[in-house]
Amino acid sequence: MDSDDLGLFGPGSVTWKVHEEPILIVAGLRSLFLQALHPRAMAGVAQNSNYRTDAWGRLLRTATYVATTVYGTTAEAEAAGARLRRLHDRLRATDTLTGAEFRIDEPDLLRWVHVTEVESFLSTARRAGLPLSDDEVDGYYTEQRRAAALVGLDPTTVPGTAAEVADYYEAVRPELRMTREAAETAVFLTAPPLPWKLSLPVRLGLNLGPPRWAYLGLAGTAFALLPTWARRMYGGLGLPTTALSANLSVRALRLAFAAVPRRYLEGPLIQAAKERAARHAAASLAG
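Summary of the structure given here.

## Observations concerning empty space enclosed by the protein
Applying the stated criterion across every chain yields a total of one cavity of 30 Å³ or more. Of the voids in this model, the largest cavity is the one considered here, and its volume is about 40 Å³. Every residue along the wall of the largest cavity is listed here: Pro 39, Met 42, Ala 43, Thr 96, Thr 179 and Glu 181. Considering each element in turn, the lining of the largest cavity owes the most residues, three residues, to helix H3 (residues 39–48).

## Focus on H3
Along H3, the residues that are buried comprise Pro 39, Ala 41, Met 42, Ala 43 and Gly 44. Among the structural elements, helix H2 (24–35), strand E1 (92–94), strand E2 (101–103), helix H6 (107–127) and helix H10 (180–190) are those in contact with the buried residues of H3.

## Some points on the pattern of salt bridges
Per the counting criterion, the structure on display carries 16 salt bridges. Between Arg 111 and Asp 108 there is a salt bridge, with the nearest N and O atoms lying 3.0 Å from each other. Of this pair, Arg 111 and Asp 108 both sit in helix H6, three residues apart, which is roughly one turn of the helix. As a salt-bridge pair, Glu 181 and Arg 180 come within 3.7 Å of each other at their nearest N and O atoms. Judged by relative accessible area, Glu 181 falls into the partly exposed class, the value being 22%. Ionic contacts of the salt-bridge type, sharing partners, join the residues Glu 20, Arg 262, Glu 266 and Lys 274 into one network.

## Re a nonpolar patch on the surface
On the surface, Val 260, Tyr 264 and Leu 265 cluster together into a nonpolar patch covering about 270 Å² of accessible area. Considering the arrangement of structural elements, one finds Val 260 in the loop between helix H14 (240–258) and helix H15 (268–286). With a relative accessible area of 32%, Val 260 lands in the partly exposed category.

Definitions and cut-offs
Residues numbered from 1 in each chain as written. Predicted model: local features only at pLDDT ≥ 70, side-chain atom pairs only at ≥ 80, totals over all residues. Heavy atoms only, no water. 1 Å grid on protein atoms, 1.4 Å probe; cavity = no way out; pocket = protein on both sides within 12 Å on 5 of 7 lines; lining within 4 Å. Points joined across faces, edges and corners; volume = space filled by probe spheres on them. Helix = DSSP H or I, 4+ residues; strand = E, 2+ residues; numbered from the N terminus. Buried < 20%, exposed > 50% of the residue type's maximum accessible area, 1.4 Å probe, protein only. Contact = heavy atoms within 4.5 Å. Salt bridge = Lys/Arg side-chain N within 4 Å of Asp/Glu carboxyl O. Patch = residues over 30% accessible without salt bridge, like charges linked within 9 Å, V, L, I, M, F, W, Y side chains within 5 Å. Areas by Shrake-Rupley, 256 points an atom, 1.4 Å probe, with all protein chains shown as cover.

Shown next as structure tokens:
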């Protein structure tokens, strides 16, 4: 029945295996650092969103969208994709280099956002210690073409293997720039304003070191996990030791998350998906 629909992926998929990892919060930040290097993508965000005044709200909406496409029913995922396409359809931005107006749902821009996001999810999880075979890596990229279709992309134009992702990055790198907007976004991502409930004590003159330092640690790790060429574009050190320290940091974070009971880390979408999967498995055995 519809209430037990397993969605676009379901148990046994590489997507569920990857997205069960709480460490993907770091991956989300990594993808934002990477996306900011594309001038048109950055212009589209800067001119059409209130990310500076509602950073945490935007982050929550993005996380909810991803969770819905991964763990929601097929109908829920398709409805979320339709809402996003309707939103994108009416948005325009101006290229800061040429002055030309463009649609923010141009396939090239949608593809950039998609690839940087899924590559960040996968590479972060793998570097944090999630065991994935090369076949599973390719399987994840192939599965994620279903998510790409939700935003309006032709799945056949989206990289579906690790080799295709590497080729894509190589092809798109000449379009990337370290612009003023990218630099400002990187600074903002490193130290955004605290959510209201956390910022209130600061306004009252109380010390709130741990939350701020904890976030700085997450953001610093996310930045260090960027590809070497991206760190160099930002002016960061593109040395192997940086990558090694990032691996150690992200593995330590994954271990820390593992110590937290799952019920505190899994939202209602994940819990509902697992309940549907359990009912589906029980029905299969009974049948």
